[in-house]
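Working through the structure, step by step
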Amino acid sequence: MNTGNNLLYLLLGAMLGAMGVSGWLSERTLRGLRVVRAVPRGVPVDQDFRIRYRVTNRKRWLSSYAVELEEPGLPGVAFLPGLPAGSTLDAHATDRFVRRGVYALECLTLSTEYPFGLFRKERDVVLPGELVVWPRTDRSVPGEILGGGDTPASSLSAGHPASGPRGEFRNLREYRSGDDARDIHWRTSARLREPVVREYERDASEVVWIALHLDHPPGADAEAAVEVAASLCARAAARGRSFALTAGPHQVEPGSGPVHLERALDALARADFGTPGLPTLPVPRDRAVLVTPGPSVPGFAKVIRTGGTASRRDAGEQPSGGSSSGAAA
Amino acid sequence: MRLERLHRRLVIVLSVAALAAFASGAGVEPISAVMTFLVLAVAFFWSPSPSVAEHLTRLWPPLALLLAARVGLGLLGSSPDVVVPVVHLLLLLLVSEALRPEEALNESRLYALTMALLLAATAYRPGALFGLAFTAYVILASVAVPIGLVKRKVRRFGGRAPGPDRQFLVTTVSLSGATLLFAGIVFLTFPRVARGWSGRGDVMATSIAGFSDQVSIGELGARIQANPRVVLRVEFPDGLPGNFLGLHWRGRSYDHFDGVRWTRSDNVRPSRVPDDWYQERWPAALVRQQIYAAPLDVRVLFGLSPMVAVGADSEIYPMFDNVGDWSYWGSATPVYTAVSKASDPAPELLRQADRSYMPDRQRYLQLPRMPDRIAALADSLTRDLENRYDKAAAIERYLRTQFQYTRELPRTAGDATLDHFLFDRRAGHCEYFSTAMAVMLRSVGIHARNVNGFLGGRWNEFGQYLAVTQNEAHSWVEVWFPSYGWITFDPTPGGSGVGAADVAWNWPGRFWFDGLQHRWNKWVLDYSMDSQLDLLGGLTRWLDRPGEPESSREGPSPSWIWIVALLSVTLLALARFRGGGPSPGGVSRSYLSLVRAGRRAGVLDPGPITPFGLARTIRVRRPEAGEPATRAVELYTRARFGGIPLDPGESKALRAAVRQARKRLS
Amino acid sequence: MTESAAIHRTVPASGDLGLLVSEVEKVFHGKREVVKLALAALLARGHILFEDVPGVGKTTLSHALARTLGLSFRRIQFTSDLLPSDVLGGNVYDPSTGTLDLRPGPIFSQVILADEINRAPPRTQSGLLQAMQEGTVTIEDRTLELPRPFLVMATQNPLEHHGTYPLPESQLDRFLMRLTIGYPDEKAERLILTESARSRIPLQDLRPVFSPEDVLRLQAQVEEVTADESVVDYLMEIVRRTREAPGIRVGVSPRGAIALFRASRAYALTMGRDYLVPDDVRDLVHPCLAHRIHPVGASPASAEAHRVAESLLDEILGAVEVPV
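What you see is a predicted model; the values in this text were computed from it and never measured.

1. Section: the overall build of chain C
- Scanning chain C for helices and strands turns up 13 helices and 11 strands.
- Per-residue burial over chain C gives 56% buried out of 324 residues.
- In chain C, the share of contacts with a sequence separation of at least 24, taken over all contacts with a separation of at least 6, comes to 79%.

This is the structure:
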């Protein structure tokens, strides 16, 4: 008994076959991929940055095509058109954060519509990581706190090699990124064939201690305080000053240079408001600058308040003078 | 850019494949299919620039409107066939999509249109060409669609598109292989229970020479030409009869002769043989014929005479009329099993045929006005003979021996008469012979009628069937014998036209293609629940008796079984390959089994583990398994990392240690 | 143990290495692993930094090691007023001859215990470290070769803060391994107490198992330890991940990778093997790498930084596939 149109069954079979095969192939496409994520050391708030994924196809003979990589919660998508078997390629996703902080990256979603675009196959790869978003450093701060002229803050760029005050010669040590090139001890460097710099004893009193007061509810004022503290650090670093920071449990010991600034920005990115108590300092209070979103605290050399009259700034606005009041104890 | 051009071309070739699939069913119509093909060919080499494309887009709406109007008219009733205008509309859309600029190619629309074409083709009864086009379509689609996807994604996200390298092609083409295989499996195994709707059937073969509804002695011969179109494909489930070249595939009988043509009278009184006669009085064995007929414009079921029973294998309803001819109704292509008596009753029996029931003498002794010398000739041939059989045999012998068979046609209408044939020309083709015999028999008072059908055929070894073509069209005579019924006599001298037919069959490829076509019809178009059961039955029979060689004419062809077997082996191998991981060496396999046993027993923490770390953990947490595990790990690390191969004894020791550790772990 | 002999390709003196470890264990209880690591550092021509509270037996270990290896031993207690010349030596005026004689400092010994190195001012520290690195000492204009084999075991007390000069990050790199001995377990501690009670220190009873020549030969043999490609890949993958992990500011330098490779091979030798297995690499990741990576946030070279570094390394080890 002929049951009608057999060719329809053939078409149906081909469609089912295509679906099955595409499901299998997209599954295989996402298998055997090893992803290594490289995030920047820290990213400034409100700036585009790129997350780089290095993807290795560990399959023996099957190439992967049209693979998309996404971080849940982030809008950026990295795309790999093709990844031959056994090869390694890079893909980038561009994102931007509008708030400072530490963002945990937990898993990464790999997806593909290959081969037919009929279905989207996804696979989550647990790939813990974190992104440190630094606060902005372009707030204007009273320059006299750092002493010296009020040179424009140039944040991270070490393009303003100010010669810091020097103490007694202490030691020779290996060159680290951020060291002043004028401190290089050329004779020893030539002998050891690697750069060596002179280290000087620094007068401890020259260290600018910056204390961020965290005993305050989070909010716009609190964020402003973080930005002021970050701007102070940046300014100090740009001038070659030695500075130290204390923000709740995060302490950054005295130091200078861009790498040191990054450490300070890391600490500030992690600062949580609502930590009770005054900042703890290893030096007397009268040698520190207090940045607080709340009321002024007596005993500090200087106090910068961002609460109350502080003007709020929206993202994207040109740096303008944040209100700050220096109050001597 | 290279990728885009490649993709565009692939899509266009894809459209051509779909068009070919459609044409294989609906036939090639000059103004639509050929034009579409030409436009696609142009589009393959040339893609219009955006400005030209803009001009072109203005062209489509009015054309589409025109076609839509035609569809509307069709629906209103001027032409019952709306499918053709709809297909024209489809083709127009296809052409308009193909003629877009390279950058603006809307591939998903093209995919949909080509798919629609394929669907439209299934409404017809496409030949084996459809199978080829369909295969090509699947292969092309498996390559084109992924390329299109990558292209689209690259356009969206940026990046450098990978060239369609060899590996890509290998992957996608094997993809299409898997798709086709899957399609085949679904096709074969999808349960066929419901009675579906019937297709439109094949294009009616009105203009084809050979068999037709009437037999006219002067005109019909004009159409006899070498026409190798296969009309019947016959399989003999019980074995091929020895004399297959002489088999008469009986079609229709004609009772009324007006001097030029034979026709069937209306309201014939029952003149068929009573049902029990064949069973009781014809002593011969039965022969079964499985017949796949091409649709003709006459709804006749052919078979060996006398057909005792007919069972339909397709959506047709066989019936016999009251003159004993088998016909059917239903629009499907007839596929049926006919059961016939293998041979006539012996002449002795026929000679003794007594006066029993006689059919209507008004019909079967009817004669047109004709020269007296024809009756005189008949009388002179039969005067001395006693019985019907001898008389009929005498006339038959006279025509067979004294006359020549020729395909050459009489030159003038005057030369085309029966009289001219019998007394002047003494040569002609089958209608002349059968007509002459029937007329002469009637003139001596013997009931006779003209019958047409096909004679013989050619055995197709490749397909294991007898192919009967239009070339084999033939006509002969049936004579009534009381108590027995209609007996076949063929007065045409031998070689009834096979010679000319051979020319057309000479191309072996054509013969092979017909075999392919037969299989296509049998296994695809007419695949049914019965075929499924057959397949299943064949499979179980084959499994039950694995030692016996498979009969090639019974059950499914063994290739299917091989495919199934091959498939299972492949699946098994795949599963094994996947389970075994990246094919580690022997020592690594032993070691991995130890690791797995440890994980199953919950001894190991998740995460990677080093060999000695494994041994240490087992020692600490399952001291009883610690000793063999340590021994296994030591042997393993030495062989794997130390590069010191194990000798056979050590290999055995390793396996034994792993076994022991696993036993103690579980 | 005949089976073990069949398993291990014969490593010269490998049995003696086991003997040596047992000998040291006579006086240094319950820390077989530390002894092996220290021995591996010596064989890899590296130096060790101990970071521990006082009194866990650093002196005992170094002294015992020196004795059983037949090496000369000197202990230098670093103090804030220690000058470079007190360590390296210097010219001393000899009144009898009226000339300046070069007097070598305590550094001219084969095993040196530099106790509480972070108490000395940076200049003195760097003098020692430079000598360690180069194997020579330059006094005035004369360059003197240090004896071979040469092993410095420096200690640093993690708890003291005032008046100390923590080693800078770059100097830490010069130590092949950084080890913590940790408190002994209960059984070992009981043994230590009873020994003290009998007031018998068996250090003098230790007999040399090796000669300095044996040590030099074993040091050369480290180079012959073979490493399968997959184990090298494993090592490199660990190193690579330290460079890309988000919690690590500065990953392992190529010098650090070389150190790990050398130390692993030496460690394999102390285990009586002449080939590397993944375990060797894994066991040496903490000692060799923890002081070479700088985690984000923690101040450098602090005890906290080391703790964070070790947990980060554990995370990496938990994610890298072990070759099979």
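2. Topic: the packing of aromatic side chains
All names here are of chain B.
- Summed over all chains, the structure comprises 24 aromatic pairs over all chains.
- Judged by centre distance (6.0 Å) and plane angle (45°), the ring pair of F130 and W520 falls under tilted. In this pair, F130 sits in helix α6 (residues 128-157) while W520 sits in helix α16 (residues 508-525), placing the two residues 390 residues apart along the sequence.
- Overall, the relative accessible area of 0% leaves F130 in the buried class.
- Judged by relative accessible area, which is 10%, W520 ranks as buried.
- When the centroid spacing of 6.2 Å and the interplanar angle of 50° are considered together, the rings of Y389 and F481 count as tilted. Of this pair, Y389 sits in helix α12 (residues 388-402) while F481 sits in strand β17 (residues 473-481), placing them 92 residues apart in sequence. Accessibility classification places Y389 together with F481 in one group, the buried group.
- The ring of W486 is capped by R449, whose NZ or CZ atom sits 4.0 Å from the centre of that ring.

3. Some thoughts on the environment of P249 of chain A
- Summarising the element assignment, P249 of chain A is placed in the loop between β12 (243-247) and β13 (250-255).
- Between the C-alpha atoms of P249 of chain A and P279 of chain A, which are 30 residues apart in sequence, the distance is 8.7 Å.

4. Some details on the nonpolar core
- By size, the foremost hydrophobic cluster in this structure holds 101 residues, and its most contacted members are M153 and M177 of chain C.
- With nine residues, the single largest contributor to this core is helix α3 (residues 32-43) of chain C.
- Aside from chain neighbours lying at most four places away, what touches M177 of chain C is L37, A40, A41, H47, I48, L49, A263, L284, P287, C288 and H291 of chain C.
- Within the second largest apolar cluster, 73 residues are counted, among which are F116 of chain A together with L67, L149 and L525 of chain B.

5. Points about the packing of helix α21 (residues 623-640) of chain B against helix α22 (residues 648-665) of chain B
All names here are of chain B.
- Relative orientation of the contacting elements α21 and α22 amounts to 145°, with a least axis distance of 8 Å. Once α21 is placed against α22, the crossing between them reads as left-handed. Together, E624, A625, P628, A629, R631, A632, L635, Y636 and R638 of α21 and E650, A653, L654, A657, V658, Q660, A661, R664 and L665 of α22 make up the contact between the two elements.
- When grouped by side-chain class, the residues that make up the contact of α21 with α22 number 12 nonpolar, one polar and five charged.

6. A closer look at the pattern of salt bridges
Residue and element names in this part refer to chain C.
- Enumeration over the complete set of coordinates arrives at 52 salt bridges over all chains.
- Two residues, R262 and E223, come together in a salt bridge whose shortest N-O distance is 2.8 Å. Highlighted residues: R262 in helix α11 (residues 254-270) and E223 in the loop between α9 (212-222) and α10 (229-244), separated in sequence by 39 residues.
- Given a relative accessible area of 40%, E223 falls into the partly exposed group.
- For the salt bridge of R241 with E237, the shortest nitrogen-to-oxygen distance reads 2.9 Å.

7. Side note on the confidence of the model for chain C
- On average, chain C scores 79 in pLDDT, and the residues at 70 or more come to 89%.
- The low-confidence segment residues 1-13 of chain C, where pLDDT is below 50, has 18 contacts with residues more than four positions distant or belonging to other chains.

8. Description of the side chain of R139 of chain A
All names here are of chain A.
- Along the chain, R139 turns up in the loop between β8 (121-134) and β9 (169-174).
- Judged by relative accessible area, which is 7%, R139 ranks as buried.
- A polar side-chain atom of R139 sits 3.1 Å from a polar atom in the side chain of E227.

9. Let's talk about the interface of chain B and chain A
- Each partner contributes to the interface: chain B provides 57 residues, whereas chain A provides 40 residues.
- The tally of links from chain B across to chain A stands at two salt bridges.
- Of the charged contacts, one joins K153 of chain B and E68 of chain A as a salt bridge, the two residues approaching to 2.8 Å between their closest N and O atoms.
- On the surface where chain B and chain A come into contact, there are two residue pairs in polar contact (both at pLDDT 80 or more).
- With 12 residues, α6 of chain B is the single largest residue contributor to the side of chain B that touches chain A.
- Classifying every residue of the side of chain B that touches chain A by side-chain character gives 34 nonpolar, 12 polar and 11 charged.

10. Things to note about unusual backbone geometry
- Put simply, S305 of chain B and P306 of chain B share a cis peptide bond, and its omega is -5°.
- Backbone torsion omega between R148 of chain C and P149 of chain C reads -10°, so that peptide bond is classified as cis.
- Along the polypeptide, P149 of chain C turns up in the loop between β7 (142-145) and β8 (151-156).

11. Description of the interface of chain C and chain B
- If you look at the interface, chain C gives 24 residues, while chain B gives 20 residues.
- Of the roughly 1700 Å² buried between chain C and chain B, counting both surfaces, carbon and sulfur atoms make up 60%.
- Counting every contact that joins chain C to chain B gives one salt bridge.
- The interface formed by chain C and chain B includes six residue pairs in polar contact (both at pLDDT 80 or more).
- Within the residue set of the side of chain C that touches chain B, elements represented by two or more residues are α1 (2-7), α10 and α12 (278-289) of chain C.
- Top element by residues in the side of chain C that touches chain B is α12 of chain C. It accounts for four residues.
- Of the residues contributing to the side of chain C that touches chain B, the split by class is 14 nonpolar, two polar and eight charged.

Criteria and cut-off values
- Residues numbered from 1 in each chain as written.
- Chains lettered and ligands numbered in written order.
- Predicted model: local features only at pLDDT ≥ 70, side-chain atom pairs only at ≥ 80, totals over all residues.
- Heavy atoms only, no water.
- Helix = DSSP H or I, 4+ residues; strand = E, 2+ residues; numbered from the N terminus.
- Buried < 20%, exposed > 50% of the residue type's maximum accessible area, 1.4 Å probe, protein only.
- Contact = heavy atoms within 4.5 Å.
- Phe/Tyr/Trp six-rings, centres within 6.5 Å; stacked < 30°, edge-to-face > 60°.
- Lys NZ or Arg CZ within 6 Å of the ring centre and 35° of its normal.
- Core = buried A, V, L, I, M, F, W, Y, C linked by side-chain atoms within 4.5 Å.
- Axes fitted to C-alpha atoms, helices over the stretch in contact; angles between N-to-C directions.
- Left-handed = near helix turned anticlockwise from the far one by under 90°.
- Nonpolar A, V, L, I, M, F, W, Y, C, P; charged D, E, K, R; others polar.
- Salt bridge = Lys/Arg side-chain N within 4 Å of Asp/Glu carboxyl O.
- pLDDT = per-residue confidence, 0-100.
- Polar contact = N/O pair within 3.5 Å; in protein donor to acceptor, adjacent residues only side chain to side chain.
- Buried area = accessible area lost by both parts, 1.4 Å probe.

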